[in-house]
Structure formats: C-alpha cells, structure tokens
Amino acid sequence: MKTYESKLIKVGIADLKFAKSPDVLRTSGLGSCVGVVVFDASAKIAGMAHVMLPDSKSSKKSELNQFKYADTSLPILIDTLIKDGARKFALKAKIAGGAQMFSFSSSNDMLRVGQRNVEAVKTVLNQYRIPILAEDVYGNSGRTIEFSLETTLLNIRTVSQGTKDI
Amino acid sequence: MSFIDSLTDYQLDALKEVGNIGSGNAATSLSMLLNHKVDMKVPAVRIVDYNEMMELVGGPDKLIAAVFLRIEGEAPGNMFFVLSPEEAETFVKQMTGSEDFSVQEPPFDEMAMSALQEMGNILAGSYLSALSDFINVLLQPSVPLLTIDMAGAILAEGLLELSQVSDYAIIIDTIIDDHEDENKPIQGHFFLLPDPDSFPKIFNKLGVPEQ
C-alpha cells in the first residue's frame, strides 16, 4: 500500500531539478532543447536538466544562467547527485530531445542546434563515463518527458506519436 | 548588466509603436482576406524570462499553431504568429468555406495547413513591410514556416539568438481580435523578437536617445 503520494517536480527551460523516489521529474515542450536524466537506481536519486544550448563558450556574456548550457549544467547535475549520496559508478543516463522544429534552408548554425545539443550532452556524459541507457533524439516533434525513479522509465509524449516508455 | 535591464520608458514606448504600426497593417490585410472587420489590441512590450514567455500562450505543453519566420536585413530578428488549433480551424473555415477538416489533432489536413501557411505569409509580410517603412530599414522575411506542436518546443527556437546574451526576452506582443463569429472569437498573438544587436539600430533610426 502506498503511504506517500509521489510529487511531480517540474523542470523549466534552462533549469535543473533533483528528486528522490517516489517523486517524478517532468519537463515540457522540448524542441531543439535536450532533456537529460542522470540517476542512481539503487540510491533512488535522480536529476533532470533541460539544456538549451551546447556550449557556454559561445555565449557573449559570462554571468548567464549556467543551467542553459550542456557543458556547464551537466557537471553541476552530476556533482550534486554525488554529493547527495549517489555513487559515481552507478550513475546512468537517459536523454530525449534535440529535434529540428523548422527546416529553414539556411547555413545558419543556430538552425541545427538540436543536433549540436545532443552531441554536447553525449560528450559530457562520456567524459564522466556515464552510460546512456536509452535515448529518443532528433526528428521534428516537440516532446514532453517524465522520469519515474520507481520504474527508472522515461515516459515520452509527442503530439503526433502518442506516448512511449524508454 | 544586460541592455534589457536598462531600457528607458521612452524606448519601451517606441517599441510599442513599432508593434502598433506592424500589426495595424497586418489586421488590415487580414480583414481584406476574410472580408470583414478585424480589431487589434494595443500592443504590449513584455520583458519576460523564457518560462514566462511560454505561459503567455498557455504553457510549454500547450498545442499551438505557429507561423515562424526569420527576419534578415539591417535589423534581424524572429517573428511568430500564434493561434490555438481551434482558432486556426475557425480561420481556415472562414477563408476556404470548407468545414471538412481538422487541425486539432494529427494527421493535419494538407489543404488547411497550406491555407494557414498562406495566411501567415500575408500577415507577416504586411507586418514587416509596415515596420520596414516606419523605421526605414531593409527587412527581408524568410519563407514563413507553419508548425502545430507544443508551445515550448516552437517558441524556444525563437529565443536561440537572444539566449546567448540574455536570460530574458523582449517581446513585442500584439493581439488580433476577430469577433465575426461571436461563439468562436479569435485572438492571434504576434510576437516580434528582435535580435539583441537590432535594438540600438531600431532606436537610432527612430531618433530615440540611448539613455
């Protein structure tokens, strides 16, 4: 019997939040942005980042929100998890997003930002030797994702393809 | 400190006028297209963080129909025309006289999508040509693209340029009001998001002092 209602923790754009089981993490309307969940299944602790841009070094100002970039947000995510009791060797990741919502015929680099976000996320996870157990990336649909620590499943909802668990 | 924090009231008023001129012309085009009167609300210039921007259209999860175009030329930026799928459907019915389609869930009707895209094309074109005349700069719109999807996924695309210099966006928001069918009023949002470097150019052309 459940004695504790699980809380839904919402992660905004360029945001980072943490949860302990049985709470659920959700971020809505991922387009070219990438949602990254890193978790330790037995310590029952997880964090979710909603990354908007690949690289903080491309930024023209320094005092901006660090959760916006893959290269600054993910290290904070991982370090905080470890500080809060996750074991580094047990960390796993699931990722979703990186769509191309509009297909302009332009050479502007900004327009393939989805792809670059996914690559940047994978690079950081690889540096920390965190395996990606599942991914649902690219395409041209928006995604809303929800991660449950109870099941360690990432639920993905799109407008055109309904929902699925990865 | 970002330039967004230091905008003066005078500069904000100038941006409101920019929205006024553009959407006034767009409302006129729309009423010609639909063959009845279309009203326009006084524009609002909003300084919002990204999450607040999504709330303006009902939250990041909300299904919206959006025409997006990139403005190139002397004062580049992004522009959206946003409707709810129900409103988009009402528009298409008024434009085509056809009742036999849906844009509220996929697969979206091809004819309806093409009508909406054309509407976006006409509206954005008239908005920008008025704007271009008013501030006396050359603005070239890209081909407008129509998407029906989650608001967060669509609107975030318009923030990418801006997000490299600011955590906030300046949105020139105008609402177009169509009450031809009292049961199904339509409120379309125009969002104009000039690139950060475009603001000094716009102010300069309008003769608005920097401080």
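Heads up: the structure comes first, above all this text.
Remember, it's a predicted structure, so these values are computed and weren't measured experimentally. (Residues numbered from 1 in each chain as written. Chains lettered and ligands numbered in written order. Predicted model: local features only at pLDDT ≥ 70, side-chain atom pairs only at ≥ 80, totals over all residues.)

## Remarks on the overall build of chain B
A count of helices and strands for chain B gives six helices and eight strands. Taken against the 2.2 N^0.38 rule, which gives 17 Å for 211 residues, the C-alpha radius of gyration of chain B at 17 Å falls within 12% of a compact globule. Dimensions of chain B, computed from C-alpha atoms along their principal axes, come out at roughly 55 × 35 × 30 Å. Evaluated residue by residue, chain B yields a buried proportion of 45% over its 211 residues. A separation threshold of at least 6 residues defines the contact pool for chain B, and within that pool the share at least 24 residues apart is 73%. (Helix = DSSP H or I, 4+ residues; strand = E, 2+ residues; numbered from the N terminus. Rg over C-alpha atoms; globule rule 2.2 N^0.38 Å. Buried ≥ 20, exposed ≤ 12 C-beta atoms within 10 Å, placed from the backbone. Contact = placed C-beta atoms within 7 Å.)

## Details of the packing of helix α3 (residues 85-96) of chain B against helix α4 (residues 110-135) of chain B
All names here are of chain B. At a minimum axis separation of 10 Å, α3 and α4 run at an interaxial angle of 90°. Classified by the angle their axes make, α3 and α4 are roughly perpendicular. Here A88, F91, V92, M95 and T96 of α3 come into contact with α4, specifically with A112, A115, L116 and M119. Here the contact of α3 with α4 is built from residues that sort into eight nonpolar, one polar and no charged. (Axes fitted to C-alpha atoms, helices over the stretch in contact; angles between N-to-C directions. Parallel < 35°, antiparallel > 145°, perpendicular 65-115°, else oblique. Nonpolar A, V, L, I, M, F, W, Y, C, P; charged D, E, K, R; others polar.)

## What to know about the sheet that holds strand β7 (residues 132-137) of chain A
Residue and element names in this part refer to chain A. Across the sheet, which stays open at both edges, the five strands sit in the order β2-β5-β4-β6-β7 with mixed pairing between neighbours. Edge strands, defined here as strands with exactly one partner in the open sheet, are β2 (15-20) and β7. Averaged over all pairs of adjacent strands, the angle between strand axes in this sheet comes to 10°, irrespective of strand direction. In this structure, β2 lies alongside strand β5 (residues 45-51), joined through six bridges in antiparallel fashion. Counted as the bridge partner of K20 is I45 from β5. Strand contacts of helix α1 (residues 70-83): β2, β4 (34-40) and β5, with the helix running at about 170° to β5, the strand carrying the most contacts. Along the sheet, helix α2 (residues 113-127) contacts β4, β5, β6 (92-97) and β7; its crossing angle with β4, the most-contacted strand, is approximately 20°. (Pairing = 2+ DSSP bridges.)

## Here's the deal with the interface of chain B and chain A
The interface of chain B with chain A comprises 27 residues on the first partner and 29 residues on the second. Mapped by element, the contributors of at least two residues to the side of chain B that touches chain A are α2 (50-56), β3 (63-73), β6 (145-150) and α5 (151-155) of chain B.

## Regarding the environment of G207 of chain B
Note on placement: G207 of chain B falls in the segment after α6 (198-206). G207 of chain B sits 87 residues away from G120 of chain B along the chain, and the two C-alpha atoms are 31 Å apart.

## Points about unusual backbone geometry
Residues and elements named next belong to chain A. Between S21 and the following residue, P22, the backbone shows a cis peptide bond with an omega angle of 5°. Relative to the helices and strands, P22 resides in the loop between β2 and β3 (24-30). The residue A14 is not glycine, and still its phi comes out positive at about 55°. Within the element layout of this structure, A14 appears in the loop between β1 (8-11) and β2.

## A closer look at α6 of chain B
Because an α-helix completes one turn every 3.6 residues, residues spaced three or four positions apart along the sequence face the same direction. Residues and elements named next belong to chain B. Restricting attention to buried positions, one finds in α6 the residues S198, F199 and I202. Here the buried residues of α6 occupy an arc of 100° about the axis, which is enough to place them on one side. Against the buried residues of α6 lie α1 (9-34), β4 (77-83), α4 and β8 (186-194). Following α6 by one or two positions, G207 adopts a phi angle in the positive range, close to 75°. (Arc of directions from axis to C-beta.)

## Focus: the pairing of strand β8 (residues 143-148) of chain A
All names here are of chain A. Burial analysis of β8 places five of its six residues in the buried class, which makes it a mostly covered element. In the sheet, β3 pairs with β8 via five bridges, with the strands oriented antiparallel. Bridge pairing in β8 links L30 to R143. In this antiparallel pair of consecutive strands, β8 and strand β9 (residues 153-158), the connection spans four residues, and T152 shows a positive phi of 50°.

## Topic: the sheet that holds strand β10 (residues 162-165) of chain A
All names here are of chain A. Read from one edge to the other, the open sheet built from five strands follows the order β1-β3-β8-β9-β10, with strand pairing classed as mixed. The sheet terminates laterally at β1 and β10, the two strands that pair on one side only. Sheet twist, expressed as the average angle between the axes of neighbouring strands with direction ignored, equals 20°. Examined bridge by bridge, β9 and β10 share four bridges and lie antiparallel to one another. Considered in β10, the bridge of T158 is made with G162.

## Details of the packing of α1 of chain B against α4 of chain B
All names here are of chain B. Put simply, α1 and α4 touch, their axes get as near as 8 Å, and they point 140° apart. Taken together, the axes of α1 and α4 are oblique relative to one another. In the packing of α1 onto α4, the handedness of the crossing is right-handed. Here α1 contributes V18, I21, G22, S23, N25, A26, S29, L30 and L33 to the contact with α4, which in turn contributes M119, I122, L123, S126, Y127, L128, A130, L131, F134 and I135. Its residues assigned to classes, the contact of α1 with α4 comprises 14 nonpolar, five polar and no charged. (Left-handed = near helix turned anticlockwise from the far one by under 90°.)

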